[in-house]
Amino acid sequence: MSALPYDPQRLHELAGELIANVRELAQLGWTPATSSNFSSRLDERHAAITVSGRDKGRLVEDDIMVVDFDGRAVGSDHRPSAETLLHTQLYRRFPDVGCILHTHSHNQTVASRIFSRSVRLKGYELLKAFRGNETHEAAIELPVLPNSQDMPTLAAKVEGLLDRGPLWGYLIQGHGLYAWGRDMAEARRHLDAFEFLLGCELDLRRITTVH
Ligand SMILES: CSC[C@@H](O)[C@@H](O)C(=O)COP(=O)(O)O
Ligand SMILES: [Zn+2]
């Protein structure tokens, strides 16, 4: 029996899934210069999360560590992602959140600087990619938060947003996107949909500006 307070076999499986998915995201250019961080819920008290500062395009199993929901390293002395609190706050608050993906793509970064408070996504068939949306006639808000290096400040702003209604993600100004879901597949779907729709919104802005 393992002395660890989590299931090491489950950690191994989740690490494999994180590594495979993050590699794809890195190949898309969404994790430049060691940016971005990723996690999966391990159980009701622990998450597997990327070690801070690692090259997300070249992750190996040692680059995935365990934290408890207070953000403390468990079973290793690695330093967890600088933004661990933005992950653990979602795991604590929503028992059905199973995976959180944070990326710094070009579209996400540009959009986060152009749209000041939120991006309203409306009239797209792809809105149905977001859990709970059945029709393109819906509109969803992607909030934009001011950036901060102070994670408790950022996390408090996120809590305020979460109090207002359902969210699938948020942008941080000049920084990137957080998206989540019940599992990796759903979190990827939400992340991919946000990326695609932000690209559309940026193109629409360009076209409108040219004419
Ligand atoms: C390399 S700058 C990006 C970081 O400051 C941060 O925003 C980020 O996404 C990655 O931080 P990390 O501590 O590796 O999880
Ligand atoms: Zn970041």
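Because the structure is predicted, anything quoted here is derived from the model rather than measured.

Focus: the pairing of strand β1 (residues 37–41)
Working step 1: Of all five residues making up β1, five are buried, and the element is well covered by its neighbours.
Working step 2: Here β1 shows a buried face lined by Asn37, Ser39 and Arg41 and a second buried face lined by Phe38 and Ser40.
Working step 3: Of the pairings in the sheet, the one linking β1 to strand β5 (residues 99–103) comprises four bridges and is antiparallel in character. Along β5, the bridge assignment pairs Asn37 with His102.
Working step 4: Connecting the antiparallel pair β1 and strand β2 (residues 46–50) is a turn made up of four residues.

What to know about the nonpolar core
Nonpolar side chains tend to gather and get buried jointly when the protein is soluble and globular.
Working step 1: In terms of nonpolar packing, the biggest core is built from 49 residues, with Ala48, Ile100, Ala179, Trp180 and Phe194 touching the most fellow members.
Working step 2: Aside from chain neighbours lying at most four places away, what touches Phe194 is Leu142, Gly169, Leu177 and Ala179.

As for the pairing of strand β3 (residues 64–68)
Each regular strand displays side chains that alternate between the two surfaces of the sheet.
Working step 1: Most of β3 is tucked away, with four of its five residues classed as buried.
Working step 2: Sheet analysis places β2 next to β3, joined by five bridges and oriented antiparallel. The residue of β3 that forms the bridge with Ala47 is Val67.
Working step 3: With two bridges joining them, β3 and strand β4 (residues 73–74) adopt antiparallel strand pairing. Note on β4: the bridge partner recorded for Val66 is Val74.
Working step 4: Connecting β3 to the antiparallel partner β4 that follows it, the hairpin turn spans four residues, and Gly71 within it adopts a positive phi of roughly 85 degrees.

Thoughts on the UniProt feature "domain: Class II aldolase/adducin N-terminal" (unreviewed entry) in the chain
Working step 1: Residues given the UniProt feature "domain: Class II aldolase/adducin N-terminal" (unreviewed entry) here are residues 16–202.
Working step 2: Secondary structure across residues 16–202 divides into 34% helix and 24% strand, with the first and last C-alpha atoms of the span separated by 34 Å.

Quick notes on the site of ligand 1
Working step 1: Ligand 1 sits among Ala33, Thr34, Ser35, Ser36, Asn37, Thr50, Ser52, Gly53, Ser81, Ala82, Glu83 and His102.
Working step 2: Of the residues assigned to the shell around ligand 1, the class counts are two nonpolar, nine polar and one charged.

Topic: the UniProt feature "binding site: Zn(2+)" (unreviewed entry) in the chain
Working step 1: UniProt tags His102 and His104 as "binding site: Zn(2+)" (unreviewed entry).
Working step 2: Counting through the fold element by element, His102 comes out in strand β5.
Working step 3: According to the C-beta neighbour criterion, His102 is buried, with 27 such atoms within 10 Å.
Working step 4: With residues near it in sequence (within four places) discarded, His102 still touches Ser36, Asn37, Phe38, Glu83, Gly176, Leu177 and Tyr178.
Working step 5: Of note, His104 is situated in the loop between β5 and α3 (106–114).
Working step 6: What makes His104 buried here is the crowd of 22 C-beta atoms within 10 Å.
Working step 7: Among residues more than four places away in sequence, those in contact with His104 are Trp30, Thr31, Pro32, Ser35, Ser36, Thr109, His175 and Gly176.

So, how was this worked out
- Residues numbered from 1 in each chain as written.
- Chains lettered and ligands numbered in written order.
- Predicted model: local features only at pLDDT ≥ 70, side-chain atom pairs only at ≥ 80, totals over all residues.
- Buried ≥ 20, exposed ≤ 12 C-beta atoms within 10 Å, placed from the backbone.
- Helix = DSSP H or I, 4+ residues; strand = E, 2+ residues; numbered from the N terminus.
- Pairing = 2+ DSSP bridges.
- Core = buried A, V, L, I, M, F, W, Y, C linked by C-beta atoms within 7 Å.
- Contact = placed C-beta atoms within 7 Å.
- UniProt positions renumbered as here; feature names shortened; annotations may be inferred.
- Near = placed C-beta within 6 Å.
- Nonpolar A, V, L, I, M, F, W, Y, C, P; charged D, E, K, R; others polar.

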